[in-house]
Amino acid sequence: MSPTQIIVIVVAAVLVVTVATAIWAVGRRAALRRQFGPEYDQVVADRESRGDAERELRDRTRRHAELTLTPLSPESRQRYASTWAEVQARFVDAPHDSVGEADELVTRLIAERGYPTGNYDEQLASLSVEHARTLSHYRDAHEIRERDQRGEAGTEDLRQALVHYRALFADLLGADPVRPNGPATQTAPTESGNWGQRTQQMSEHTPQDTPSR
């Protein structure tokens, strides 16, 4: 085999490896985009480079695999749905208290499912692996909740916070916590006794396409 032939073979091999590596990298990137959805762009924007962002997302997936996640029993799911219905129904009379209770209820559900709750950033990272498409709702709700604690949030802000909390809550729960004529709407009490009307008032302003798992 002549030196020229050897050079041609080596160059061809290098090209094949380069193309294969590029295809592999594109495939991994596409897989991360599918898995994390809008969270992919969020992390890319927060990191110095796309490579750093993708390493972070792969690390999240690895850490998530080490968690022991627990599915909710039907009884637990119903209990959470009923409690959420009570929280939502109280919004009209006590919006500040209602949003605070929603935050606590969502945190309790996150913990029961097996996700960490001690550190907010760690919590977001863990949730992003399976709940990335509703994570922006949780961020927005958390931001409004913090503004409310500083006395900077109005009633409309609080209503939006409750809508945002509900999106992640439904995703974690596996169903919309307030279904028209469902068990939660039939059993959840309020001080006024007029739960159905108040639920309708809130439902008119909540997303109709809340994702279910």
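Residues numbered from 1 in each chain as written. Predicted model: local features only at pLDDT ≥ 70, side-chain atom pairs only at ≥ 80, totals over all residues. Heavy atoms only, no water.

### Observations concerning the packing of aromatic side chains
Our working rule: Note on aromatic contacts: the rings of Phe and Tyr and the six-membered ring of Trp form a pair at centre separations within 6.5 Å, being stacked when their planes are under 30 degrees apart, edge-to-face when over 60 apart, and tilted otherwise. Helix numbers and strand numbers start at the N terminus; a helix is a DSSP run of H or I with at least 4 residues, a strand a run of E with at least 2. With a 1.4 Å probe rolled over the protein chains alone, any residue whose accessible area is under 20% of its type maximum counts as buried; one over 50% counts as exposed, and the rest are partly exposed.
Counted according to the given criterion, the structure contains four aromatic pairs. Residues Trp 84 and Phe 169 carry aromatic rings whose centres are separated by 4.9 Å and whose planes lie at 25° to one another, so their mutual orientation is stacked. Separated by 85 residues along the polypeptide, Trp 84 in helix 4 (residues 74–89) and Phe 169 in helix 8 (residues 155–173) bring together distant segments of the chain. Like Phe 169, Trp 84 is buried. Measuring from ring centre to ring centre gives 6.1 Å for Tyr 120 and Tyr 138, while their planes differ by 55°; the resulting arrangement is tilted. Separated by 18 residues along the polypeptide, Tyr 120 in helix 6 (residues 120–131) and Tyr 138 in helix 7 (residues 135–149) bring together distant segments of the chain. Among the aromatic residues, those joined into a cluster by ring pairs are Tyr 80, Trp 84 and Phe 169.

### Examining the nonpolar core
Spelled out, the test is: Put simply, buried Ala, Val, Leu, Ile, Met, Phe, Trp, Tyr and Cys residues joined by side-chain atoms within 4.5 Å make one nonpolar core. Should any heavy atoms of two residues lie within 4.5 Å, those residues are considered in contact.
Ranked by internal contacts, the top residues of the largest apolar core, which has 28 residues, are Trp 84, Val 106, Ile 110, Leu 127, Tyr 138, Tyr 165 and Phe 169. At eight residues, the largest contribution of residues to this core is made by helix 8. For Ile 110, the contacting residues outside a window of four places in its chain are Tyr 115, Pro 116, Thr 117, Gln 123, Leu 127, Tyr 138, Leu 168 and Leu 172. By size, the runner-up hydrophobic cluster in this structure holds eight residues, among which are Leu 32, Tyr 40, Leu 57 and Val 129.

### Digging into the environment of Phe 169
Under the relative-accessibility criterion, Phe 169 is labelled buried at 0%. Sequence spacing of Phe 169 and Tyr 80 is 89 residues, and the spatial spacing of their C-alpha atoms is 9.3 Å. Residues within four places of Phe 169 in sequence aside, it is in contact with Tyr 80, Trp 84, Leu 105, Val 106, Leu 109 and Pro 177.

### As for the packing of helix 2 (residues 38–46) against helix 3 (residues 50–65)
Under the convention used in this document: In this description, a line fitted to the C-alpha atoms serves as the axis of each element, helices being fitted only across the stretch in contact, and the angle between N-to-C directions of two axes falls anywhere from 0 to 180 degrees. By the definition adopted for this analysis, an angle is roughly parallel if under 35 degrees, roughly antiparallel if over 145, roughly perpendicular if from 65 to 115, and oblique otherwise. Crossings are sorted by hand: turned counterclockwise from the far helix by less than a right angle, the near helix makes the crossing left-handed, and turned clockwise it makes it right-handed. For this scheme, ten residues count as nonpolar: Ala, Val, Leu, Ile, Met, Phe, Trp, Tyr, Cys and Pro. Four count as charged, namely Asp, Glu, Lys and Arg, and the remainder, Gly too, count as polar.
Interaxial distance between helix 2 and helix 3 falls to 8 Å at its minimum, and their mutual angle equals 125°. In terms of orientation, helix 2 lies oblique with respect to helix 3. Between helix 2 and helix 3 lies a crossing of right-handed hand. Residues Glu 39, Tyr 40, Val 43 and Val 44 of helix 2 lie in contact with helix 3, whose contacting residues are Arg 50, Ala 53, Glu 54, Glu 56, Leu 57 and Arg 60. Residues that form the contact of helix 2 with helix 3 fall into these classes: five nonpolar, no polar and five charged.

### With respect to the pattern of salt bridges
As a reminder of what qualifies: Definition used for salt bridges: Asp or Glu carboxyl oxygen within 4 Å of a side-chain nitrogen of Lys or Arg.
Summed over the entire model, instances satisfying the criterion amount to 14 salt bridges. Arg 55 is paired through a salt bridge with Asp 52; the nearest N and O atoms lie 2.2 Å apart. Here the residue Arg 55 and the residue Asp 52 both occupy positions in helix 3, the gap between them amounting to three residues, near one helical turn. Residue classification places Arg 55 among the partly exposed residues on the basis of a relative accessible area of 44%. With a shortest N-O distance of 2.6 Å, Glu 156 and Arg 159 are connected by a salt bridge. Of this pair, Glu 156 and Arg 159 both sit in helix 8, separated by three residues, roughly a single helical turn. Here Glu 156 falls in the partly exposed class, since its relative accessible area comes to 45%. Salt bridges sharing partners connect three or more residues here, namely Glu 39, Arg 47, Glu 56, Arg 60, Arg 63 and Arg 139.

### Quick notes on helix 3
The cut-off we apply is this: Between the first and last residue of a helix there are one fewer steps than residues, each counted as 1.5 Å, and that sum is the expected span. It is the directions from the helix axis to the C-beta atoms whose arc is reported.
Relative to the 22 Å expected for 16 residues at 1.5 Å per residue, helix 3 spans 23 Å between its end C-alpha atoms, a close match to the ideal helical length. Along helix 3, the residues classified as buried are Ala 53, Glu 54, Glu 56, Leu 57, Arg 60 and His 64. For helix 3, the angular spread of the buried residues around the axis is 155°, confining them to a single face.

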